[in-house]
Amino acid sequence: MKEILSGNEAIARGAYEAGIEIATGYPGTPSSEIIKTIALKYGNDIYTEWSTNEKVAMDAGAGAAYSGRRTLVTTKQVGMNVLSDSLMYAVYTGMEAGLVVVTADDPGLFSSQNEQDNRWYARLAKIPLLEPADSQEAKDYVILGIELSEKFDTPVLVRTVMRTSHSKSVVELGARPEGRSEIGPFKRDPAKYNCTASNARRMHPRVESRIREIAAFADTLAINRIEWRDRSLGFITGGVLYNYLLDVFPEASILKLGMTHPLPQKLIRQFAAEVEQLIVLEELDPVLEEQIRAMGIEVRGKDIFPPCFELLPDEIKRYTGEAGLLKQTPEPGPEQSSASTGPSDVPQLPTRSPVFCAGCPHRSTFYLLKKMKLPVAGDIGCYNLGTLPPFEAQHTMGAMGASVGVLHGMSLAGLPENRVCTIGDSTFFHSGMAPLVNMVHNGSRGVVILMDNSVTAMTGHQDHPGVDWAVIEQRKAKKVDLEAVVRAIGVEKIEVVDAFKIKEVEAGLKECLDFDGPSVLITRGQCIFVSRNPQPPYHVDLEKCIACHMCFRVGCPAIGQSAERYEKNKKFKSHIDPTLCIGCDICRQVCPTGAITPPGESASKESSSNG
Amino acid sequence: MDRNFLVVGVGGQGTILAGDILAEVGMSAGFDAKKSDILGLAIRSGSVVSHIRWGREVHSPMSMLGQVDYLLAFEPLESLRMVQYLKPDSTVIVNDYPIPPVGVTTGQMEYPGREQIDGTLKAASGRYYKINVTEKASQLGNVKVVNIMLLGVLSGLLDLAPAVWERTIEKYVPSKLLEVNRRAFRAGRELIVE
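Conventions used here
Residues numbered from 1 in each chain as written. Chains lettered and ligands numbered in written order. Predicted model: local features only at pLDDT ≥ 70, side-chain atom pairs only at ≥ 80, totals over all residues. Heavy atoms only, no water. Helix = DSSP H or I, 4+ residues; strand = E, 2+ residues; numbered from the N terminus. Rg over C-alpha atoms; globule rule 2.2 N^0.38 Å. Buried < 20%, exposed > 50% of the residue type's maximum accessible area, 1.4 Å probe, protein only. Contact = heavy atoms within 4.5 Å. Lys, Arg positive; Asp, Glu negative; His and termini not counted. Charge placed at Lys NZ, Arg CZ, Asp CG, Glu CD. Axes fitted to C-alpha atoms, helices over the stretch in contact; angles between N-to-C directions. Parallel < 35°, antiparallel > 145°, perpendicular 65-115°, else oblique. Left-handed = near helix turned anticlockwise from the far one by under 90°. Nonpolar A, V, L, I, M, F, W, Y, C, P; charged D, E, K, R; others polar. Buried area = accessible area lost by both parts, 1.4 Å probe. Salt bridge = Lys/Arg side-chain N within 4 Å of Asp/Glu carboxyl O. Pairing = 2+ DSSP bridges. Polar contact = N/O pair within 3.5 Å; in protein donor to acceptor, adjacent residues only side chain to side chain. pLDDT = per-residue confidence, 0-100.

This next bit is on the overall build of chain B. When you go through chain B residue by residue, the secondary structure sums to eight helices and six strands. Taking 194 residues into account, the globule formula puts the C-alpha radius of gyration at 16 Å, and chain B, at 16 Å, falls close to it. By principal-axis analysis of the C-alpha atoms, chain B measures approximately 45 × 40 × 35 Å. Looking at the 194 residues of chain B, the share that counts as buried comes to 60%. At a minimum sequence separation of 6, the contacts of chain B that also span at least 24 residues come to 64%. Placing the 21 positive and 21 negative side-chain charges of chain B at their respective mean positions leaves the two points 3 Å apart.

Next comes the structure, spelled out in structure tokens:
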């Protein structure tokens, strides 16, 4: 039976067909759909969870695999930095059952703070790396990954990129092995599973011999294959780039590597010997190219292709064209057709920059932070949109949980002004608690604004420890009390405010700023995807609107200009789009003339505030 | 019959689902089929682009510039961003329902004029259809079915039996909304009369 699946759905299917019984991860684009799909489609056979962070997910994966259950751990590329601490011991120990780690990388930076190439992790950890080109391979490589993991007693890394994770293609479905594995009691084998230095000294040589064995095996592995065509050009490539290459160079010979670490040296030498010009096509770093050159083989790669961003078919065409490798096709091709409608004919089009959704609870905080001109250390989540106009009120952002530590550093530096950081509820549980403990213990000063919207929003609304469900909403879970955690850490000043009341947020923030020590302001308000409770849309009374555009400052996609001008300043009065407004009330609170009202309410009613 | 499609629109319009259905229809009709989505950073209101390709054997999930046969645009501005992808004899279907970006509604940027949109798309394609499908969907009582209605419009220009489309739509839309979606699809098929 065939189905059309995304790469992530195919990985979930692969977990099912590989007999995996435990799947853990932390959400992160483009990896997030794997765990969700497993929970929805294969939840009877596979346990899933969103762990607190990637390291916790990896430890849980190691413990499950030590106990004899096949395990999958998922992460996005930067999550691998968090996960790697625990991957490195599992590399030394091996497991009782197969363990596959999926890293979903992000060449092109669609949704990440950097563009790191996680193929390096396979080299660092000395473990096999599989890179699928499409959904069929994504499924197959999870199954193969478990086989290799058990054959060689090693964790196996499967790497996708956004294009493999989020592209759909046809997959032939298979069956799941029957029954649940018999396990227990736990194998007490500290010589294998306890990485104390004396044991680890014995383990390391085994890691080295193991990767040499796998390298020899790589030469016989069917997923590493040569496709002979015209031999004047020979490309070595892996992952989705293989499919791009087939479109751009249908005539060229290709060594397609399904396993990109360790390299099949014999196969590479054979291929290199028979092509006139050898080229490595890889996105980001010259990981393959440098290893092949170190084998003493003459090869081109990064002298043709840049080390930044994706290499889509159009880019491959462009760079190989510039290098004189692409023969021009005589028939009217894309160049001709695009020339007539080229960029010069298309004037600058208005962009759709990301904005907080209408009804977002983060809006009030950034409205105030802009007004109060405070230095703000930011963190990772939807609230990073506070970096963009009209707020421009988030001045640093680097990694999950970093804002709290950066705030502490600002305090240590003795800045002449008070300072705050923003961090979401999920991010706080992920890695914000340890730096807050550090702030308390070391007598820091600054306000941690903990933006509690009851969900991991930006990655697609996953649960976190602060909510009462797990993976799917029907599955109930124990809710960890955010406020109690902050109190237990020893924070003496905690203010909890309603994020939809600007005055309340402002008063709470001022209280915290006045406190001589670390303080926490919890701004509480549900993400619109959690509350799913739209109120009737507000409207603007054009009689009262003075076109001051104060309401534009809350940066709401539902608010724009009307067709009517205010006679005094000649500016267009405001308008609320009833199809977008969900009646969150924030704009009403900043309107100085009371022109914005909910339906049915008289516009003459006094405006509560001008913020 | 190789066919390359682009489905574009604004986050929240249901473009992803329309693209999913289009890809699966290709598979059900016996083609190899692939699809690739590009989403903006925002949960809502960003540009959304889906590449869909049908063929005997499809390699890249994305079309190259100048390779696209059909552009199905849920929003006029979003269609303009795609002109470089169009083949000279391509077909363009635009939902004539502009959704101005925030920069436009707040007066910092200008939405392209009708003449510019029409002129650019006409010059870049072989057939250009502009229909306010959002309005027609609202008339059916549910503006959300605009995506299925636009698929209906597209299906009217492709030589596949409507049953393949309807079976796939059935699989993808919630059962309680099946009837209105079926009506939307059929109404869409009738919108272009050649």
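This part covers the packing of helix α7 (residues 162–172) of chain B against helix α8 (residues 178–189) of chain B. Each pair of packed helices gets described by two things: the angle between the helix axes and the distance between those axes. Residues and elements named next belong to chain B. It is the contact of α7 with α8, at a shortest axis distance of 10 Å, that shows an interaxial angle of 150°. The angle between α7 and α8 places the two elements in the roughly antiparallel class. Remark: the crossing between α7 and α8 carries right-handed chirality. Mapping the contact onto sequence places Pro162, Trp165, Glu166, Ile169 and Glu170 in α7 and Leu178, Asn181, Arg182, Phe185, Arg186 and Arg189 in α8. Grouping the constituent residues of the contact of α7 with α8 by class yields five nonpolar, one polar and five charged.

This part covers the interface of chain A and chain B. Contact residues are listed per partner, giving 50 residues for chain A and 54 residues for chain B. Carbon and sulfur atoms supply 63% of the area that chain A and chain B bury against each other, a total of about 4,300 Å² over both sides. Interface area lost by chain A to chain B is led by Lys168, Pro350 and Arg352 of chain A, which between them contribute 19%. The tally of links from chain A across to chain B stands at four salt bridges. Mapped onto the side of chain A that touches chain B, the elements with two or more residues apiece are β1 (2–6), α7 (162–165), β8 (167–172), α10 (241–248), α13 (313–322), α14 (334–340), α20 (528–531) and β22 (559–565) of chain A.

Attention now goes to the sheet that holds strand β3 (residues 47–50) of chain A. Sheet strands pair via backbone hydrogen bonds, and the direction of the pair is either parallel or antiparallel. All names here are of chain A. Reading across the sheet, the seven strands line up as β3-β2-β4-β5-β7-β6-β12 and stay open at both edges, with mixed pairing between neighbours. Looking at the sheet topology across the chains shown, the edges are occupied by β3 and β12 (259–261). Sheet topology note: the strand β6 (residues 129–130)/strand β7 (residues 156–161) ladder contains two bridges and is parallel. The residue of β7 that forms the bridge with Leu130 is Val158.

Residue and element names in this part refer to chain A. Strand order in this open sheet of four strands is β9-β11-β10-β13, and the pairing throughout is mixed. Both outer strands of the open sheet, β9 (224–227) and β13 (277–281), are each paired with one neighbouring strand and no more. For this sheet, the mean inter-axis angle between neighbouring strands, taken without regard to orientation, is 15°. Packed on one face of the sheet, α10 meets β9, β10 (230–238), β11 (252–257) and β13 and runs near 155° to β10.

Residues and elements named next belong to chain A. Structurally, Asp106 can be placed in the loop between β5 (99–105) and α5 (119–125). An unpaired buried charge is present at Asp106: no salt bridge exists, and Lys76, the closest side chain of opposite charge, is 4.8 Å distant. Looking at Asp106, its side chain comes within polar contact range of the main-chain nitrogen of Phe110, at 3.1 Å. If we skip the residues at most four places from it in the chain, Asp106 touches Gln77, Ser111, Ser112, Glu115 and Met162.

Moving on, we get to the pattern of salt bridges. All names here are of chain A. In total, this model carries 53 salt bridges over all chains according to the counting rule given. For Lys192, the salt bridge is made with Asp153, and the minimal N-O distance between the two is 2.5 Å. Here Lys192, found in helix α8 (residues 190–193), pairs with Asp153, found in the loop between α6 (135–152) and β7; they are 39 residues apart in sequence, far enough to count as distant. With a relative accessible area of 18%, Lys192 lands in the buried category. Among the residues examined, Asp153 registers a relative accessible area of 16% and is labelled buried. Overlapping salt bridges bring together Asp105, Asp117, Arg119, Glu131, Arg159 and Glu282 as one network.

For β8 of chain A, the buried fraction is high: five of the six residues fall into the buried class. Bridging between β1 of chain A and β8 of chain A involves five bridges; their strand directions are antiparallel. Pairing of Lys2 of chain A across the sheet is with Glu172 of chain A, part of β8 of chain A. Here β8 of chain A pairs with strand β2 (residues 32–39) of chain B via three bridges, running antiparallel. Bridging across to β2 of chain B, Ser169 of chain A finds its partner in Lys34 of chain B.

What follows covers helix α4 (residues 114–124) of chain B. Taken as a whole, α4 of chain B has its buried residues at Ile117, Asp118, Thr120, Leu121 and Ala124 of chain B. Of the surrounding secondary structure, the elements contacted by the buried residues of α4 of chain B are α2 (76–80), β5 (86–95) and β6 (127–131) of chain B.

All names here are of chain A. Summary statistics for chain A give a mean pLDDT of 94 and a share of 95% for residues scoring 70 or more. Note on residues 330–344: pLDDT under 50 across the span, and 18 contacts to partners over four residues away in sequence or across chains. Segment residues 604–611: pLDDT under 50, and 22 contacts once partners within four positions in sequence are set aside and those in other chains are kept.

Below, the discussion takes up the side chain of His166 of chain A. Secondary-structure assignment places His166 of chain A in the loop between α7 and β8. A residue is classified by how much of its surface remains accessible, and His166 of chain A, at 15% relative accessible area, is buried. Residue contacts for His166 of chain A: discarding those within four places in its chain leaves Asn8, Thr29, Pro30 and Glu33 of chain A together with Lys35, Ser36 and Asp37 of chain B.

What follows concerns the pairing of strand β23 (residues 572–576) of chain A. All names here are of chain A. Sheet topology places β22 next to β23; four bridges connect them, and they run antiparallel. Bridging from a neighbouring strand, Gly560 pairs with His575 of β23. Hairpin geometry of β22 and β23 is characterised by an intervening segment of six residues between the two adjacent antiparallel strands and by a positive phi of about 65° at Lys570.

Here we take up the packing of α10 of chain A against α13 of chain A. Residue and element names in this part refer to chain A. The interhelical angle for the contact between α10 and α13, taken along N-to-C directions, is 60°, at an axis separation of 9 Å. Classified by the angle their axes make, α10 and α13 are oblique. For the crossing formed where α10 meets α13, the hand is right-handed. Contacts from Leu241, Tyr244 and Val248 in α10 reach Pro313, Ile316 and Lys317 in α13. Class assignment for the residues of the contact of α10 with α13 results in five nonpolar, no polar and one charged.

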